[in-house]
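Inside the fold
What follows is each chain in one-letter form.
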Amino acid sequence: MLSQPLSFQNRESSQTRVPATYMRGGTSKGVFFRLHDLPPAAQVAGAARDRLLMRVIGSPDPYGKQIDGMGGATSSTSKTVIVSKSAQAGHDVDYLFGQVSIDKAFVDWSGNCGNLSAAIGPFAIYAGFIEPERIPHNGVVAVRVWQVNISKTIVVHVPIKDGLVQETGEFELDGVTFPAAEIQVDFMDPADGEGSMFPTGNLVDDLDVPGVGTF
């Protein structure tokens, strides 16, 4: 994890500095921002926010490499996250996810990143969104997250060791080279009711295949 102000040039001034944190969650990496750290014009949805995030990531890049930016030239490393104190009752933080196109001037706000959801809990603690009295010396903190893109609740269980977020560990994840601490992520009612995530609405369907039988 890297946390420091990002500096990049724009046409309005010689530099723009924005505090940010670079984090991995699952098999994805992204640049995390606290909403109130963004320039005022980028604190609301719109073209100014999109331009800022694309510039940070290094898009659009016709070479497809994002050399001049924090992106890693893959869909799993061209991601941005904005976190704020939650406006939803019973939640700690609001989590807004932006998938930045690599070669086009486009930020997709239509969905969530399940991988980066695991990093929201640790970031919320690092960024001061969780009250100190809720953080044990050793144990687990359940961070309740409102996923703004899809209007869903996520509970991230963050392990704490010696009063700090535990980052090292022996948990291994396919697609990630080194082991680390395991973070449990609970997606609460992701499909709005039983069966609605299936194309037909049924948990089980019988398919009648002429000349073969029923499956």
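Position labels on residues start from 1 in each chain and follow its written sequence. Since the coordinates come from a predicted model, pLDDT governs what is reported: local features require at least 70, and pairs of side-chain atoms require 80 or more to be given and counted, while whole-chain, interface and lining totals use all residues. By convention in this description, side-chain values take in all heavy atoms of the structure and omit both hydrogens and water.

**Quick notes on the pairing of strand 8 (residues 152-161)**
For clarity, the threshold we go by: Only protein chains enter the calculation, and the probe is 1.4 Å; a residue is then buried if its accessible area is under 20% of its type maximum, exposed if over 50%, and partly exposed in between. In this text, helices come from DSSP runs of H or I with a minimum length of four residues, and strands from runs of E with a minimum of two, each type numbered from the N-terminal end. Between any two strands, at least two bridges found by DSSP are needed for them to pair.
Taken across its ten residues, strand 8 has eight buried, putting it largely inside the fold. Two successive antiparallel strands, strand 7 (residues 139-147) and strand 8, enclose a turn made up of four residues, where S151 displays a positive phi of approximately 55°. Once strand 8 ends, the chain turns through two residues before running back antiparallel as strand 9 (residues 164-165), passing D162 with a positive phi of about 55°.

**Some points on the pattern of salt bridges**
Under the convention used in this document: In the sections that follow, a salt bridge refers to a side-chain nitrogen of Lys or Arg positioned within 4 Å of a carboxyl oxygen of Asp or Glu.
All chains considered together, the criterion is met by six salt bridges. With its nearest N and O atoms 3.6 Å apart, the salt bridge here joins D103 to K104. With a relative accessible area of 51%, K104 lands in the exposed category. A single network of salt bridges, built from pairs that share partners, joins K85, D92, E131 and R134.

**A few points about the pairing of strand 2 (residues 16-25)**
Taking burial as the measure, the ten residues of strand 2 include seven buried ones, the bulk of the element. Summarising the sheet, strand 2 and strand 3 (residues 28-34) pair through five bridges and their orientation is antiparallel. The residue of strand 3 that forms the bridge with Y22 is V31. Turn length for the strand 2-strand 3 hairpin, with the two strands adjacent in sequence and antiparallel, is two residues, and the turn residue G26 shows positive phi of about 60°.

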